[in-house]
2 protein chains.
Amino acid sequence: MHKQTIKEVLEKYKEFLHRDITVYGWVRAFRSNRFIALNDGSTINNLQIVVDFQNFDENIIRNITTASSLKIVGEVVESQGAGQNIEIIAKKIKVLGDNFTEDLHSTILQPKKHSLEKLREQAHLRFRTNLFGAIFRVRHAVSFAIHSFFNERAFFYMNTPIITGADAEGAGEMFGVTSFDLENIPRTEDARIDYAQDFFGRKTNLTVSGQLEGEAAAMGLGRVYTFGPTFRAENSNTTRHLAEFWMVEPEVAFNNLEDNIDLAEDFLKYVIQYVLDKCKDDVAFLDKRFAEEQKQKPERDRAKEGLIEKLENVVKKRFMRVSYTEAIEILLNSKENKKGKFAYPIENWGADLQSEHERYLVEKHFEAPVVLFNYPAEIKAFYMRMNEDHKTVAAMDVLFPGIGEIIGGSQREERLEVLKNKMQMMHVDPEELWWYMDTRKFGSVPHAGFGLGLERLVLFVTGMTNIRDVIPFPRTPKNAEF
Amino acid sequence: MHKQTIKEVLEKYKEFLHRDITVYGWVRAFRSNRFIALNDGSTINNLQIVVDFQNFDENIIRNITTASSLKIVGEVVESQGAGQNIEIIAKKIKVLGDNFTEDLHSTILQPKKHSLEKLREQAHLRFRTNLFGAIFRVRHAVSFAIHSFFNERAFFYMNTPIITGADAEGAGEMFGVTSFDLENIPRTEDARIDYAQDFFGRKTNLTVSGQLEGEAAAMGLGRVYTFGPTFRAENSNTTRHLAEFWMVEPEVAFNNLEDNIDLAEDFLKYVIQYVLDKCKDDVAFLDKRFAEEQKQKPERDRAKEGLIEKLENVVKKRFMRVSYTEAIEILLNSKENKKGKFAYPIENWGADLQSEHERYLVEKHFEAPVVLFNYPAEIKAFYMRMNEDHKTVAAMDVLFPGIGEIIGGSQREERLEVLKNKMQMMHVDPEELWWYMDTRKFGSVPHAGFGLGLERLVLFVTGMTNIRDVIPFPRTPKNAEF
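Parameters and conventions
- Residues numbered from 1 in each chain as written.
- Chains lettered and ligands numbered in written order.
- Predicted model: local features only at pLDDT ≥ 70, side-chain atom pairs only at ≥ 80, totals over all residues.
- Heavy atoms only, no water.
- Helix = DSSP H or I, 4+ residues; strand = E, 2+ residues; numbered from the N terminus.
- Buried < 20%, exposed > 50% of the residue type's maximum accessible area, 1.4 Å probe, protein only.
- Contact = heavy atoms within 4.5 Å.
- Areas by Shrake-Rupley, 256 points an atom, 1.4 Å probe, with all protein chains shown as cover.
- Pairing = 2+ DSSP bridges.
- Axes fitted to C-alpha atoms, helices over the stretch in contact; angles between N-to-C directions.
- Salt bridge = Lys/Arg side-chain N within 4 Å of Asp/Glu carboxyl O.
- Buried area = accessible area lost by both parts, 1.4 Å probe.
- Polar contact = N/O pair within 3.5 Å; in protein donor to acceptor, adjacent residues only side chain to side chain.
- Nonpolar A, V, L, I, M, F, W, Y, C, P; charged D, E, K, R; others polar.
- Expected span 1.5 Å × (residues − 1).
- Arc of directions from axis to C-beta.
- Least-squares fit on C-alpha atoms with pLDDT ≥ 70 in both.

A word on the overall build of chain A
- From N to C terminus, chain A includes 16 helices and 16 strands.
- For chain A, the C-alpha atoms occupy an extent of roughly 85 × 65 × 45 Å along the three principal directions.
- Counting the 482 residues in chain A, one finds 60% classified as buried.
- Look at the contacts in chain A between residues 6 or more apart in sequence, and 67% of them connect residues 24 or more apart.
- As presented, chain A carries roughly 19,900 Å² of accessible surface, and 46% of it is formed by carbon and sulfur atoms.

A few points about the sheet that holds strand β1 (residues 20–31) of chain A
Residues and elements named next belong to chain A.
- In spatial order, the strands read β1-β2-β3-β5-β4; together these five strands close into a barrel with mixed pairing. Across the sheet, the mean angle from the axis of one strand to that of its neighbour is 55°, orientation sign disregarded.
- Here strand β3 (residues 47–50) pairs with strand β5 (residues 86–95) via two bridges, running parallel. Counterpart to Ile 49 in the pairing with β5 is Ile 88.

Quick word on unusual backbone geometry
- Of note, the phi angle at Ser 32 of chain A is positive, near 55°, even though the residue is not glycine.
- Assignment of secondary structure puts Ser 32 of chain A in the loop between β1 and β2 (35–39).

Re the pattern of salt bridges
Residues and elements named next belong to chain B.
- Across all of its chains, the model carries 56 salt bridges over all chains by this definition.
- Note that Asp 469 and Arg 126 form a salt bridge whose closest N and O atoms lie 3.3 Å from each other. Of this pair, Asp 469 sits in the segment after α16 (454–462) while Arg 126 is found in the loop between α5 (116–121) and α6 (130–152), placing the two residues 343 residues apart along the sequence.
- We classify Asp 469 as buried; its relative accessible area is 0%.
- The exposure class of Arg 126 is buried, given its relative accessible area of 0%.
- The residue Arg 192 makes a salt bridge to Asp 190 at a minimum N-O spacing of 3.4 Å.
- On the accessibility criterion, Arg 192 (52% relative accessible area) is exposed.
- In this structure Asp 190 comes out as partly exposed when scored by relative accessible area, which is 48%.

Some remarks on the interface of chain A and chain B
- Opposite the 120 residues of chain A that make contact, chain B presents 120 residues.
- A combined buried area of about 9,700 Å² lies between chain A and chain B, and 63% of that area is made up of carbon and sulfur atoms.
- The largest contributions to the chain A side of the interface with chain B come from Phe 199, Phe 254 and Phe 442 of chain A, which together make up 8% of the buried area.
- Connecting chain A to chain B are eight salt bridges.
- Between Asp 259 of chain A and Lys 3 of chain B there is a salt bridge; the shortest N-O distance is 2.7 Å.
- At the boundary of chain A and chain B, one finds 55 residue pairs in polar contact (both at pLDDT 80 or more).
- The dominant element in the side of chain A that touches chain B, judged by the number of residues it contributes, is helix α6 (residues 130–152) of chain A, at 10 residues.
- Classifying every residue of the side of chain A that touches chain B by side-chain character gives 58 nonpolar, 35 polar and 27 charged.
- Inspection of the sheet shows strand β8 (residues 176–178) of chain A paired to strand β8 (residues 176–178) of chain B by three bridges, in the antiparallel sense. The residue of β8 of chain B that forms the bridge with Thr 178 of chain A is Gly 176 of chain B.

Describing the sheet that holds strand β11 (residues 244–253) of chain A
Residue and element names in this part refer to chain A.
- In spatial order, the strands read β6-β10-β11-β16-β15-β14-β13-β12; together these eight strands make up an open sheet with mixed pairing. Both outer strands of the open sheet, β6 (156–158) and β12 (320–323), are each paired with one neighbouring strand and no more. The average angle at which neighbouring strand axes cross in this sheet is 20°, direction not considered.
- In this structure, β6 lies alongside strand β10 (residues 223–231), joined through three bridges in parallel fashion. Opposite Phe 156, over in β10, you have Val 224 as the bridge partner.

Focus: helix α9 (residues 280–295) of chain B
Residue and element names in this part refer to chain B.
- An ideal rise of 1.5 Å per residue puts 22 Å on 16 residues; α9 measures up with 23 Å between its terminal C-alpha atoms.
- Buried within α9 we find Asp 282, Val 283, Leu 286, Arg 289, Phe 290 and Gln 294. One side of α9 holds all its buried residues, which, seen down the axis, span an arc of 140°. Across α9 from its buried face, at more than 90 degrees, point the exposed residues Lys 280, Lys 288 and Lys 295.
- Among the structural elements, α5, α6, α8 (257–278), α10 (307–316) and α16 are those in contact with the buried residues of α9.

Notes on the relation of the copies chain A and chain B
- With an RMSD of 0.0 Å, chain A superimposes on chain B once it is rotated by 180° and translated 0.0 Å along the axis. The two molecules are tied by a two-fold rotation axis, judged by turn and shift. Taking C-alpha positions as reference, the residue of chain A nearest the rotation axis is Val 177 of chain A, located at 2.4 Å.
- A shared binding surface is used by both copies, with 100% of the interface residues of chain A retained as interface residues in chain B.

What about the environment of Thr 392 of chain B?
Residue and element names in this part refer to chain B.
- By the element assignment, Thr 392 lies in strand β14 (residues 392–400).
- For Thr 392, a relative accessible area of 3% corresponds to the buried category.
- Here the alpha-carbon distance between Thr 392 and Val 248, two residues 144 residues apart in the chain, equals 25 Å.
- Not counting residues up to four positions away in its chain, the partners in contact with Thr 392 are Trp 349, Asn 374, Tyr 375, Pro 376, Ala 377, Arg 385, Met 386 and Asn 387.
- A distance of 2.6 Å separates a polar atom in the side chain of Thr 392 from a polar atom in the side chain of Asp 389.

The analysis is restricted to geometry; functional conclusions fall outside its scope.
Structure representation (structure tokens):
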């Protein structure tokens, strides 16, 4: 038996008119002992159930309360009221399970406005709210669009290891993984920790990136992408950091920096357009919420664009492609820099750009997404390809309004000798990465890739501001509840 | 500039005939100083490049060797030879990077037959072999089919936490996650490990399942599925165990056991049919390999069906639905059991079925995939729904030929009091799972779900026998290389 979702009933209501159907869901509201707003999570919209209380046992009516779970059989009719095309005249109502209404007041299911903090503390229940329903449906659409984009372009999905023996990229602090009983860690004769006795026979960590393994895969399969969890043990209690987050990392053999920028631009536009197309109701709700939030702010802090407007503009506008060197020129010559308005003034070529600089370029100077490329070699990772100028590397960052860097990537250094020298300079051990070096020894090819933090993109698309609100169960310092 | 893959060129060759195109790839073979077999990973098929050595510098010809990387510009013409529709008459050849041919002999890129063990030791290079190219393209197709199946059925993809504070399911040994310096673990005043000072302020582990969090999400969003890495710190050095593997776990509000079985059957058939449709060349290659492998075996150990035949049969046949109680009857009455052919003889109702029993049912008795359901409560997990008989739970396992259990699932216990009693009996602490209990307190609904190990399914579909050969970089005891 195929169960129709409320989304299906509402969207294809003409097929259901004057027929008896069965629907399931939770009560969002019960007005006048007559109108149930039923929601099953498939859509932000509720289905209106009309109950003639004379036809039902009093016990059933009494059990229809906020959050209770119902199975309804009834006839689909055109709705008399405003706000919906159809409603269901209930013929049978079954309460499906317990609902301890006396305890409900301490939960976020209590129908009133709750703070995002409180919703976070009850992350297991926030899926039932309009806001988090919308966010997680959009998160799904973003994820599916990512897989679709790459699948359509002949990329292969790669699962790179989560537990890793390498700490090569040095992309930040790593979590240790061990099967040791910490009360009783085995020691070698010279009293050091005997990692040979640990599960993997060595010290292991949680991955910070699947890129290096992704490169190895691309050297055989051509076009690959990862999409999996990555980890940072950084003690950053901010609205932009998670200890566990999901990352997408395409890697493409034979691509150069320009191909890589093209791919990143196509990719972001595809995913955002997909969400605009497939999540109209949820995005409309988030757009309204965003507008209301802006109204609470002092005028100078308000976003220039509405949420939908912002998303449509990103899809429409050509991303500005600007070299790091040009960007420094622009920043040096900016009123902001001259008047000392930046917390970190730009003084010379070589400076690492801060979020304030990125946002100036995107939001004030270009008023469009910006791709910065060819960064100073010193401020970028060892694997990025050295340019002819011997000063810059073929790196690229995509900067978005309101959020700054959304994608970071590069063409990779494919020349074995150049790579070796760079690793030496940057204190990365080629011995430890023997297998990575092999990919440059046997049929090495130019290749390029980038990384996208899923939650950053979901933040951008939903207009939310705290990254903990776009992942179901956030992991942050001192918090691994659920 | 859009780069065409070799797959595109071969499939749409009529569009390219008599045109000059650019292709990229690695040399698989160079015959008679004239014919290059070029492969770019997009397909198992090579593109034939015809080189007239009189037109090229000797240095270039000398650099065309096994594994070297080339960019070719040339004209697409109809092929004179057998085995391909087209070939490329090379006009320009560029060697793209280093290829240290003198070191090649120690690698698996050396063109000869290598053992699967040796290929595993060079997992970073095995992507370039026909076999592993095929396996990982199929793995991609399986993954994409999984996302497509659920997306088409209005499921939402959920990322449940990888790092977790819970050890609730008790599904086996867990890896610890810590940011402690193991040389210097902070202690409380009474000399115990001070987990309050660890990153998350508590003891944390790597997840063994996202099910419980998935259930919470399904209680809001209706239909969800996870697809992410899970971990077991079990010291099992077998061909069927990984310490890190990818699991798919759908969870559906309002579904009962029968719905759950329907979903599992539809799901497996969809994914396998998708692979048959989309990976014809790779599956044909794997089918041939499988047949050759069977020939090496003594006749009694050979598979009854070829690989493709087996896959088509699974799609075609209705899965047999058999209660545990019926299955025990069948096994008790079997010749095998009576003659003592089982390593673990079935003596009575209540016995836990072993792989040999599962395979007897599937391969000998029913000759079809089998879904066993309604298992004794004692041998199943605490969250499975108690049946009316108070002896069995609404569990289900899908058993496949050659591989045994491929899916395990259940309807979940949605009745708060029944669940509490069960947890008490099974020594699971409801306090620790306060949030899980909440999902039964507020609008509890019948719901069901299951788990599928991705690698098990890829093993089945590819006809491989060692699970380390269907994941790019396997994690097993004493092995976390790459």
